[in-house]
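Results of the structural survey
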Amino acid sequence: MKNYLYVDDSNLTITAQQMSAVDRGLARNIHEARTNQLTDRCYRIDYSKLLLRTVNRLESLGRAVAYGSHAGGFCPFAVSARDAGFETVVHLRRGGREKMVDNEIATDMILDALELADPVEDRITLVSGDSDFVPAVKKLIARGFRVNVTFWSSVASELALAASRFTCLDASLKSLAI
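Source: prediction; values computed, not measured.

The buried count for strand 1 (residues 2-8) comes to 6 of 7 residues, which makes it a mostly enclosed element. Across 7 bridges, the pairing between strand 1 and strand 2 (residues 60-70) is parallel. Residue pairing across strands places L5 opposite A64, the latter belonging to strand 2. Bridge count for strand 1 against strand 4 (residues 123-127) is 5 bridges, and the pairing is parallel. Opposite V7, over in strand 4, you have V127 as the bridge partner.

This next bit is on the packing of aromatic side chains. Considering all chains together, one arrives at 2 aromatic pairs under this definition. Between Y47 and F77, the aromatic rings sit 6.5 Å apart at their centres with planes inclined by 45°, giving tilted as the arrangement. Here the residue Y47 occupies a position in helix 3 (residues 47-54), and F77 occupies one in helix 4 (residues 76-83), the gap between them amounting to 30 residues. Aromatic pair Y47 and F86: ring centres 5.1 Å apart, planes at 80°, arrangement edge-to-face. Placement of the pair is Y47 in helix 3 and F86 in the loop between helix 4 and strand 3 (87-92), with a sequence separation of 39 residues. Here Y47 and F86 have matching classes, each one buried. Ring pairing ties together the aromatic residues Y47, F77 and F86, which thus form one cluster.

Attention shifts here to helix 3. Restricting attention to buried positions, one finds in helix 3 the residues Y47, L50, L51 and T54. Axial view of helix 3: buried residues confined to an arc of 100°, hence all on one face. Structurally, helix 3 contributes buried residues whose contacts are with strand 1, helix 1 (9-23), strand 2, helix 4, strand 4 and strand 5 (146-151). Backbone nitrogen of S48 and a side-chain oxygen of the N-cap are separated by 2.9 Å at the start of helix 3; the cap is D46.

Conventions used here
- Residues numbered from 1 in each chain as written.
- Predicted model: local features only at pLDDT ≥ 70, side-chain atom pairs only at ≥ 80, totals over all residues.
- Heavy atoms only, no water.
- Buried < 20%, exposed > 50% of the residue type's maximum accessible area, 1.4 Å probe, protein only.
- Helix = DSSP H or I, 4+ residues; strand = E, 2+ residues; numbered from the N terminus.
- Pairing = 2+ DSSP bridges.
- Phe/Tyr/Trp six-rings, centres within 6.5 Å; stacked < 30°, edge-to-face > 60°.
- Arc of directions from axis to C-beta.
- Contact = heavy atoms within 4.5 Å.
- Polar contact = N/O pair within 3.5 Å; in protein donor to acceptor, adjacent residues only side chain to side chain.

Structure below.
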């Protein structure tokens, strides 16, 4: 039994930084943090801990890929992810947009499922809360794959509902930090 793991770092980290801002009293709630762009910039995801949280001990890892973007220069998530054994895909962010990241995650999930995974034995885990992934998740489930979505409680409701299973990370905010 294998788990194919795909992580949308920007989506995961930005939301974690907003939640940490709430936790530290910088905002009253996630909505206020998001609206006023209040984040705890010191908060970083420990990819080794994320791997332990998303892959159960009865599974082997089919593939683990962390995707993200940067404006140029040092890319801290890529170092943490590579150190934990993830492949990393980093795109240069242009004009604050990173649709290439979402497109590549969806494409890789579908291709890996069709070319590498066994729909009966294996599962696909997406760590993101973005509704852009709903079509890919629905297509994989329609082909018999189990697709788990793991994210914070602020996940797009249509993504959580489309998944075979949703796992909330909120209680792990502090334990997932570097």
